[in-house]
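If you want the building blocks of each chain, they are given just below.
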Amino acid sequence: MTDLPDRYDPSAVEPRWYAEWERAGYFRADVDSPKQPYTIVMPPPNVTGSLHMGHALGLTIQDVLTRYHRMAGWNALWVPGTDHAGIATQVVVERQVAAEGMTKEELGREAFLARVWKWVEESSGTIKSQLRRLGASCDWGRERFTLDPGLTAAVREEFVRLYEEGLLYRDDRLINWCPRCQTVLSDLEVDREERDGEFVYIKYGPLTLGTVRPETKLGDTGLAVHPKDRRYRKYVGQTLTIPSVQGDIEIKVVADEAVDPKFGTGVIKVTPGHDPVDFEIGRRHGLPVRSVIGFDGKMTALAGTYAGMDRFECRRQIVADMQALGLIERIEPYRHAVGLCYRCKTVVEPLVSRQWFMNMQSMAEMAVKAVRSRRMRIVPRAWTKTYFHWMENIRPWCVSRQLWWGHRIPAWYCDADGSVHVARQDLTACPQCGGALRQDPDVLDTWFSSGLWPFSTLGWPQETADLKTFYPTSVLVTGYDIIFFWVARMAMLGLKFMGDVPFRDVFLHTIVRDPEGQKMSKTKGNVVDPLLFMEQYGTDAFRFTLAALSVPGVRDIRIAEERVEGSRNFANKVWNAARFVLANLDGYDPRLARKSAPSVADRWIRSRLAATARTVRASLDRYRFNDAASAVYQFLWHEFCDWYLEIAKRSLYQTEDRAARARTQKTLVETLETTLRLLHPFMPFITEEIWQKLPHEGPSIMIAPFPKAGRGATDTAAEAEMDVAVALASAIRTVRSESRVPPAAEVAVTVRPPAAAAGYEAAAPLVGALTRARVSVVPGAERPPRSALAVAAGAEVYVHMEGAVDLAAERARLTREIERAQKEIAFLQGKLARPEFVERAPADVVARERSRLVEQEAVRATLAASLAALA
Ligand SMILES: [Zn+2]
Ligand SMILES: [Zn+2]
């Protein structure tokens, strides 16, 4: 047998195995396999990005699921890919170009895009090598990029089909505009933040109304009241001439249900160019649109004397001017929600613009039905409600973005005859007049292409073998923060284009926070780099920690270094257990083992192993990664290392019974080998390294069968007997240590079993061997003098102190200890009796002192009992 080095060094093991697995083709899925498919498509990380904690958690979960199913006999496919991340990528290259003193317009569209492609090629290696570093067992032969030619064809197909069905259309609508990023934002891309502002009451002739954005007053084209509001009924339908900052204006009063009569004065000004509600009111009543704020965030020519002024500057100026003219009734402080660009936090300006929109209504209905009928399951279930709510209130999705980097909109305009053409292939001349065409300069929202990801990655719109075999996919694993951006859109588009759900399950994992519970962000400077953890503690330890922290229903997990350190200790424990087993395999002959009946400990550890395998499988099937990880941990550390290895030593070191020794060796090897297979999905590297050195079947642990508890694997009798032995041995060990019995000293122990209980006699030799004790089981025994008492497994356990300890010295020590505890108790009681302490000290300080008192009282009781036992 080859020996393992003394110390486990992940950096010497991990890189070697990934390369070997990849070379051997173990990550590849086969369309011709008779096995049942199990598919995951990887949420594509940004192509130019690098691995962060959120990725690490999601990818670890996906890899655990993929490795588990691959081993459990499925045709497992994990499709990797990266995303072109429209705006994020374009902004980086824009900055590079700006650093050279140029703008992207000066460079031109083609040259600029060439620069972006170059940068993508240079930087796309980082994330992919980090995925390998993490151990991701994805099928690299099927890797996709959201801008690759296949996906471009898919996006064109999507666009053309939706356009032909009338679900995709161009419209002048009020959109969210970021004046800094110079692009439209979808409703989801606008963050809401409460801010302090002013509610300005403006006199409008005979009426008064309030607004938080007085600068938009210049764009007013109407006033609106509720149809049932008696106060204003007489004005409805009239056109009022109203004195304003730039002379008199004519303004029409309309009645509309959208007005809340109880808000403010019950009158609102209608500014169709700058407010979504007003835009709708304006459409209903035929009011003109007046855009007084431009796409640059400055006032337009329509703002008259304010033209060219910044929108917020104009707000201050116009209030001052109106005050001077006596047009302001009063100003009140007002806290309200302001829309901010999710990327740059600039205040979003609602503006009217001609954009492409997608009508999602019918698709949303299908997506709701799919979840209601359980064709698609959301785990944890609590998210289902959120999903329904969003789907049931869905609005048209603005899909055009004023960017260059991305899928360019496949629409061409003819300026000669005004015709619009949408096509799968690029058009060069107008099909109507043969004249020149202009392609829409905008690109599509990133999610327009990622929404197709579960089937575009498998070859759609072509009917490929991959698509037939692996769609619908089995599960989508992603963070809950993109349930609307992405999960909902994949659900809708999958049902629309494939006629079936894109995935059977959606597992929404937690968000990783720093140890203080803060969301990690570059601006806060609290980002923990997953690579640092991997370097310091090993990838296996890091992965194990992430899985162990993944508790369903818990929204946020905090990652503290101590947790990863704890997992590293577990890896070392596994390593040391393996070293012990390998060091004791000389002369191992499995055939010889059959000549010896298994001991109760052999039978017990096999039964516990079967129970562990059952728990791991059941937990993984229910996405309870923490339960699965904890089951292997508990079994390996406590049952296998703490007890079985101790017991095994006895038979390994006595060589008279060679068959019994071989039997122990066989149990050791089989238990360890099986446990490694259970642990492999979590800790792929260390398990492979050890497995290769143990007797095993097959070329790699990653394609070895996943352990399954067979029928009759549970040995109730052995478990009951070992439960007694473990409980008695633990009790005796506690007494030994509390009574300061020297480790080498042998003690006599009398066990008085409960009436009519079997199994104690049988356990006695094992208990004795584990605790350096001569154990006798005596039904109805009296407690001997000078003995310590413990109660365990329903029995009374008497540990004889005579001869085991120096009685006089031990009595003196116990007396001193009792005095010390007594002093401490008196001090604490005194402190807690003083009202000025109890009332004035912080509650947690008082509570701490109380619990110290309880602790010291317990210590005194234990010491007193020990002293009494020696009397
Ligand atoms: Zn912005
Ligand atoms: Zn034409």
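Below, the structure is looked at part by part.

Helix and strand content of the protein: 27 helices and 29 strands. Its C-alpha radius of gyration of 37 Å places the protein more than 25% over the 29 Å reference for a compact globule of 871 residues. Referenced to the eigenvectors of the C-alpha coordinate spread, the extents of the protein come out at roughly 110 × 80 × 55 Å. Expressed as a percentage of the 871 residues in the protein, the buried residues total 54%. When contacts within the protein are restricted to residue pairs at least 6 apart in sequence, those whose partners lie at least 24 apart make up 77%. Surface exposure of the protein reaches about 38700 Å², of which carbon and sulfur atoms provide 50%. Taking the average place of the 114 positive charges on the side chains of the protein and the average place of its 109 negative ones, the gap between the two points comes to 3 Å.

Paired through backbone hydrogen bonds, the strands of a sheet run either parallel or antiparallel to each other. Reading across from one edge, S10-S11-S9-S12 is the order of the 4 strands in this open sheet, with mixed pairing throughout. Each of the sheet's edge strands pairs with one partner strand only, and the pair in question is strand S10 (239–244) and strand S12 (267–270). Within the sheet, the average angular offset between the axes of one strand and its neighbour, ignoring direction, is 35 degrees. One ladder, built from 4 bridges, connects strand S9 (residues 222–225) with S12; its direction is antiparallel.

Before going further, it helps to spend a moment on the coordination of the zinc ion (ligand 2). Listed as protein donors to the zinc ion (ligand 2) are Cys-414 (SG), Asp-417 (OD), Cys-430 (SG) and Cys-433 (SG); their distances from the metal cover 2.2 to 2.4 Å. Donor residues for the zinc ion (ligand 2) sit on one chain with the sequence pattern C-x2-D-x12-C-x2-C. Linking Cys-414 in the loop between strand S18 (411–413) and strand S19 (420–422) with Cys-430 in the loop between S19 and strand S20 (438–439), this pair joins segments that are 16 residues apart in sequence. Neither residue differs from the other here; Cys-414 and Cys-430 are each classed as buried.

Another point: the coordination of the zinc ion (ligand 1). Those donors, Cys-178 (SG), Cys-181 (SG), Cys-341 (SG) and Cys-344 (SG), are the protein atoms that reach the zinc ion (ligand 1), and they lie 2.2 to 2.4 Å from it. Of note is the zinc ion (ligand 1), whose 4 donor atoms meet at the metal with angles of 103 to 115 degrees in an arrangement that counts as tetrahedral. All donors to the zinc ion (ligand 1) come from one chain, and their sequence spacing reads C-x2-C-x159-C-x2-C. Remark: Cys-344 occurs in the loop between strand S13 (328–341) and strand S14 (349–358) and Cys-181 occurs in the loop between strand S5 (168–178) and strand S6 (183–185); sequence separation between them is 163 residues.

Note that Ile-249 resides in strand S11 (residues 247–255). Ile-249 gets classed as partly exposed once you look at its relative accessible area, which sits at 26%. Remark: the alpha-carbon pair of Ile-249 and Leu-218, spanning 31 residues in sequence, is separated by 9.9 Å. Ile-249 has contacts with Leu-240, Thr-241, Ile-242 and Ser-244, leaving out every residue within four places of it along the chain.

Throughout the structure, instances matching the rule amount to 58 salt bridges. Measuring nitrogen to oxygen at the nearest pair gives 3.6 Å for the salt bridge that ties Lys-118 to Glu-122. Here the residue Lys-118 and the residue Glu-122 both occupy positions in helix H5 (residues 109–134), the gap between them amounting to 4 residues, near one helical turn. In this structure, Lys-118 and Glu-122 share a single accessibility class: exposed.

A few words now on the sheet that holds strand S15 (residues 377–379). Ordered by their spatial adjacency, 3 strands build an open sheet running S15-S23-S22, and the pairing between neighbours is parallel. Each edge of the sheet is formed by a strand with only one pairing partner; in this case those strands are S15 and strand S22 (473–479). Averaged over all pairs of adjacent strands, the angle between strand axes in this sheet comes to 20 degrees, irrespective of strand direction. Of the strand pairs in this sheet, S15 and strand S23 (residues 503–509) are connected by 3 bridges, and their pairing is parallel. Residue pairing in the sheet places Ile-378 in a bridge with Val-506 of S23.

Our focus in this paragraph is the side chain of Asp-442. Considering the arrangement of structural elements, one finds Asp-442 in the loop between S20 and strand S21 (443–444). Buried charge without a partner: Asp-442 forms no salt bridge, and the closest opposite charge is Arg-109, 6.3 Å away. Look past the residues within four positions of Asp-442 in its chain and what remains in contact with it is Gln-355, Ser-400, Arg-401, Gln-402, Leu-403, Arg-408 and Ile-409.

This part covers empty space enclosed by the protein. All chains considered together, the criterion is met by 1 cavity of 30 Å³ or more. Of the volumes computed, that of the largest cavity is approximately 50 Å³. Lining the largest cavity are Glu-738, Ser-739, Ala-788, Met-801, Glu-810, Arg-813, Leu-814, Ser-866, Ala-869 and Leu-870. Contributions of two or more residues to the lining of the largest cavity are made by helix H25 (807–833) and helix H27 (843–869). The dominant element in the lining of the largest cavity, judged by the number of residues it contributes, is H25, at 3 residues. Counted by class, the lining of the largest cavity contains 5 nonpolar, 2 polar and 3 charged residues.

Before going further, it helps to examine the packing of helix H15 (residues 530–537) against helix H17 (residues 561–583). At a minimum axis distance of 10 Å, the contact between H15 and H17 shows a crossing angle of 35 degrees. Of the two elements, H15 crosses H17, and the hand of that crossing is right-handed. Counting all contacts with H15, which are made through Phe-533, Gln-536 and Tyr-537, the residues of H17 involved are Glu-561, Val-564, Glu-565 and Arg-568. Class assignment of the residues belonging to the contact of H15 with H17 gives a composition of 3 nonpolar, 1 polar and 3 charged.

So, how was this worked out
- Counting restarts for each chain: residues are numbered from 1 in the order of the written sequence.
- Chain A is the first chain written and ligand 1 is the first ligand written, with later ones labelled in order.
- Reporting of local features is limited, given that this is a predicted model, to residues whose pLDDT is at least 70; pairs of side-chain atoms are given and counted only at 80 or more, and all residues count toward the totals for whole chains, interfaces and linings.
- Excluding hydrogens and water, the side-chain figures rest on all heavy atoms present in the structure.
- Starting at the N terminus, helices and strands are each numbered in turn, a helix being any DSSP run of H or I of at least four residues and a strand any DSSP run of E of at least two.
- This radius of gyration counts C-alpha atoms alone. The globule rule is 2.2 Å times how many residues there are, raised to the power 0.38.
- Buried means the residue's accessible area, taken with a 1.4 Å probe over protein chains only, is under 20% of the maximum for its type, while exposed means over 50%, and partly exposed covers the values in between.
- By definition in these notes, contact holds between two residues if any of their heavy atoms fall within 4.5 Å.
- A 1.4 Å probe and the Shrake-Rupley method give the accessible areas. Residues count as covered only by the protein chains that appear here.
- His residues and chain termini do not enter the charge count, which takes Lys and Arg as positive and Asp and Glu as negative.
- Lys charges are placed at NZ, Arg charges at CZ, Asp charges at CG and Glu charges at CD.
- Strand pairing follows a simple DSSP-based rule, namely that at least 2 bridges must link the two strands.
- Think of each axis as a best-fit line through the C-alpha atoms, taken over the contacting stretch in the case of a helix, with angles from 0 to 180 degrees between the N-to-C directions.
- As a rule, N, O and S atoms within 2.8 Å of a metal are its donors, except that Na, K and Ca use 3.2 Å; water is not among the atoms, so sites may look incomplete.
- Just to be clear on the cut-offs, tetrahedral is four donors with all angles between 85 and 135 degrees, square planar is four donors and octahedral six with opposite donors over 155 degrees apart and all others between 65 and 115, and anything else goes down as irregular.
- The salt bridge criterion pairs a side-chain nitrogen of Lys or Arg with a carboxyl oxygen of Asp or Glu, the two atoms within 4 Å.
- We place a 1 Å grid over just the protein atoms. Points where a 1.4 Å probe fits but has no way out form a cavity, open points with protein on both sides within 12 Å along at least 5 of 7 lines form a pocket, and any residue with an atom within 4 Å of a point lines it.
- Grid points are joined across faces, edges and corners, and a volume is the space filled by probe spheres set on the points.
- Any residue that is not Ala, Val, Leu, Ile, Met, Phe, Trp, Tyr, Cys, Pro, Asp, Glu, Lys or Arg is counted as polar, Gly included; the first ten are nonpolar and the last four charged.
- By definition, turning the near helix anticlockwise from the far helix through less than a right angle yields a left-handed crossing, and turning it clockwise yields a right-handed one.

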